[in-house]
Amino acid sequence: MRPNRSGLGNSRRRAIAALLACVAGSALIVPAATSRADEVKPFRLCADPTNLPFSSNSPSQPGLYVEIGQALARALGRPIAYDWYKSYFGKRTVRVTLLGKQCDAMIGLPRSEDFMGPAVIFSSTVAREGYALVTAKDRTVSGIDELRGKRVAVQFASTPQNLLATRDDIQKVTVLSPEEGMQALDRGKADVAFIWGPVAGWLNKTVYQDRYRVQLTEGEGLSWDAAIGFAKASTELRDQIDAVLPDLERTIADLKVKYGLPTGQALHFNAVQTPAGTTTGAGTGAAHVASVVATETKGDALASNAEAVGQGKEIFNGTCAHCHGPDAIQSERKIDLRLLRHRYGDEMREKFLTTVHEGRPAKGMPSWKEVFTDSQFDNIYAFLLTVQAESND
Ligand code: HEC
């Protein structure tokens, strides 16, 4: 689960293995003397092993990002090596893997300075990603008003849910994952699904025989440019990659079709103003993108995330609720766990983990490390993420 446990050792071993394989391979073709150490240094890609359509460690179905990585490695004349990580927490993962020098590049990061600040630099854009409107093939929607009177499946705590929150004339069907959104559509429980596009497209292709139209949307917090991210010291590699990307345009376009990514003209939605004057579409665009990416870059994560949330909530209500309140609803601020993000921001997860492991015995918070496993703590945390108060109060 946590990528920093053994990742470095493994990646180094893998890198060496790839290096040896390559040296052995190239020795057959070219005289060994001509291959400098430099040329065989693998292009190390960080990727999630279970995040189709983007990436997977299955050689038969590697996913869009992994195939782009393979094409790039070929273009650079370097072998590829992978550092597989699995994590739902975008920024933390970037910090541990990419900035921890476990890999050279990560494909699919939101191309925005606000994502990680100057620590991460980007290639040119490789894809546009975001929420999509999924409808029957013969129905086109060209604006939000056409959703009037319709039942629209929206993911819990997503931009589309916020966007439609104030529209009483649109009936919302709340789902926990894009998978559930597609099912709601398929079972006639919703007329339209407004869900995470890459997974909707992928499911449409692999499960629903391409029966639906999947249209990408744009507007605040709805979609963004995805690029290849590098640590800031890697400008040379970034420039090399930017130089070969134009040649791969065709390949990448074909791969997007292969993996069902929504293509074509994006539908524009304006952020909705609430009476209080706050934007419901998103907070500040880029900051919102970062938080969306932190929790929603992956459909698979969402599916298992929904499960994790359910299990975490069960543990929480069974064990933690008598002090922290059922469903974490607690009026005493000091123990109101809905304020964790507000209090700790980026350090929230670390704070959570230390506190539940060690407790604060003097203050009446027990230590739970002998009671729950790491994955149970992760589930509790996943649940707590769903109840965090708006951080800008
Ligand atoms: C017996 C009561 C009690 C139980 C049961 C309990 N806690 Fe706590 N918890 C507290 C108290 C009291 C504090 C505040 C300590 C302080 O003031 O620093 C706290 C603090 C915390 C904090 C830090 C909050 C912050 O803002 O710094 C977290 C996270 C937390 N608890 C999680 C949990 C979880 C998860 C469970 C269930 C596995 C749990 N607690 C069960 C009493 C409890």
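Residues numbered from 1 in each chain as written. Predicted model: local features only at pLDDT ≥ 70, side-chain atom pairs only at ≥ 80, totals over all residues. Heavy atoms only, no water.

What about the state of the cysteines?
Selection rule: In plain terms, two cysteine sulfur atoms within 2.5 Å form what is called a disulfide here. Put simply, DSSP H or I for four residues or longer makes a helix, DSSP E for two residues or longer makes a strand, and each gets a number counted from the N terminus. Burial classes: relative accessible area under 20% of the type maximum marks a residue as buried, over 50% as exposed, and values in between as partly exposed (1.4 Å probe, protein chains only).
As enumerated under the stated definition, the model contains one disulfide in all. The partner cysteine of C46 in its disulfide is C103, sulfur to sulfur 2.0 Å. Between C46 and C103 the disulfide shows an S-S torsion of about -105 degrees. By sign, it is left-handed. Of this pair, C46 sits in strand 1 (residues 43–47) while C103 sits in the loop between helix 3 (90–96) and strand 5 (105–110), and the two are 57 residues apart along the sequence. Taken as a pair, C46 and C103 share a single burial class, namely buried.

What to know about the site of the ligand
Here is the rule: We define proximity as follows: a residue is near a molecule or strand when any one of its heavy atoms falls within 4 Å of that partner. As used in this structure description, the phrase polar contact means that two N or O atoms lie within 3.5 Å; if the pair is within protein, one of them must be able to donate a hydrogen and the other to accept it, and residues adjacent in sequence are counted only when both atoms belong to side chains. Charged means Asp, Glu, Lys or Arg here, nonpolar means Ala, Val, Leu, Ile, Met, Phe, Trp, Tyr, Cys or Pro, and polar covers whatever is left, Gly included.
Taken together, 22 residues lie near the ligand, and C320, C323, H324, Y344 and M365 sit nearest. H324 is positioned with one of its side-chain polar atoms (N or O) 2.8 Å from a nitrogen atom of the ligand. Contact distances for the ligand include 2.5 Å between an oxygen atom and a side-chain N or O atom of Y344. Only helix 11 (299–324), helix 12 (340–344) and helix 13 (348–358) provide two or more residues apiece to the shell around the ligand. Looking at the shell around the ligand, the element that brings in the most residues is helix 11, giving five residues. Here the shell around the ligand is built from residues that sort into 13 nonpolar, five polar and four charged.

What about the pairing of strand 11 (residues 223–231)?
Operational definition: Think of it this way: DSSP has to see at least two bridges between two strands before they count as a pair.
Burial of strand 11 is extensive: eight of the nine residues sit out of reach of the surface. As judged from the four bridges shared by strand 5 and strand 11, these two strands associate in the antiparallel manner. Each residue of the ladder has a partner; that of M106, found in strand 11, is G229.

Quick notes on the pairing of strand 10 (residues 212–218)
The buried fraction of strand 10 amounts to five of the seven residues, a majority that puts the element mostly inside the structure. By the bridge criterion, five bridges tie strand 6 (residues 120–136) to strand 10 in an arrangement that is antiparallel. For T135, the partnering residue across the bridge sits in strand 10 and is R213. Of the pairings in the sheet, the one linking strand 10 to strand 12 (residues 267–268) comprises two bridges and is parallel in character. Paired with E218 across the two strands is H268, which belongs to strand 12.

Some thoughts on the packing of helix 2 (residues 64–76) against helix 8 (residues 235–244)
The cut-off we apply is this: To obtain an axis, a line is fitted to C-alpha atoms, over the contacting stretch when the element is a helix, and the angle between two such axes runs from 0 to 180 degrees between their N-to-C directions. Orientation is classified from the angle alone, with under 35 degrees giving roughly parallel, over 145 giving roughly antiparallel, 65 to 115 giving roughly perpendicular, and any other angle giving oblique. Residue contacts follow a heavy-atom distance rule, with two residues in contact if any of their heavy atoms lie within 4.5 Å.
Between helix 2 and helix 8, whose axes approach to 10 Å, the crossing angle comes to 100 degrees. Between helix 2 and helix 8, the interaxial angle falls into the category roughly perpendicular. When helix 2 is examined against helix 8, the residues L72, A75 and L76 are found in contact with a partner set consisting of L237, Q240, I241 and V244. Residues of the contact of helix 2 with helix 8, tallied by class, amount to six nonpolar, one polar and no charged.

Describing the confidence of the model for the protein chain
Our working rule: The quantity called pLDDT is the predictor's confidence in a given residue, expressed from 0 to 100.
Put simply, the protein chain has an average pLDDT of 81, and 79% of its residues get 70 or more. Between the elements of the protein chain, mean pLDDT differs from a low of 41, seen in helix 1 (residues 7–29), to a high of 97, seen in helix 8. pLDDT under 50 marks residues 1–35. Its contacts with residues more than four places away, or in other chains, come to 35 contacts. Throughout residues 273–301 the model reports pLDDT below 50, and contacts reaching past four residues in sequence, or to other chains, amount to 75 contacts.

Some details on helix 14 (residues 374–385)
Condition: Here a helix's expected span is defined as the number of its residues, less one, multiplied by 1.5 Å.
Its twelve residues give helix 14 an end-to-end C-alpha distance of 16 Å, which sits within 8% of 16 Å, the value for a rise of 1.5 Å per residue. Of the positions making up helix 14, those classed as buried are F377, D378, N379, I380, Y381, A382, F383, L384 and L385.

Describing the coordination of the iron atom of the ligand
Put simply, the rule is: In this description, a donor is an N, O or S atom within 2.8 Å of the metal centre, a cutoff extended to 3.2 Å for sodium, potassium and calcium. Water is not part of the atom list, which can make sites seem incomplete. Tetrahedral means four donors with every angle between 85 and 135 degrees, whereas square planar (four donors) and octahedral (six donors) require angles over 155 degrees between opposite donors and between 65 and 115 for all others; sites fitting neither are termed irregular.
Summarising the metal site, the iron atom of the ligand is bound by the protein donors H324 (NE2) and M365 (SD), whose distances to it range over 2.0 to 2.1 Å. In this structure, the iron atom of the ligand is surrounded by six donor atoms whose angles at the metal cover 87 to 179 degrees, and the resulting shape is octahedral. In this pair, H324 is assigned in helix 11 and M365 in the loop between helix 13 and helix 14, connecting sequence segments 41 residues apart. Residue H324 is classed as buried on the basis of its relative accessible area of 12%.

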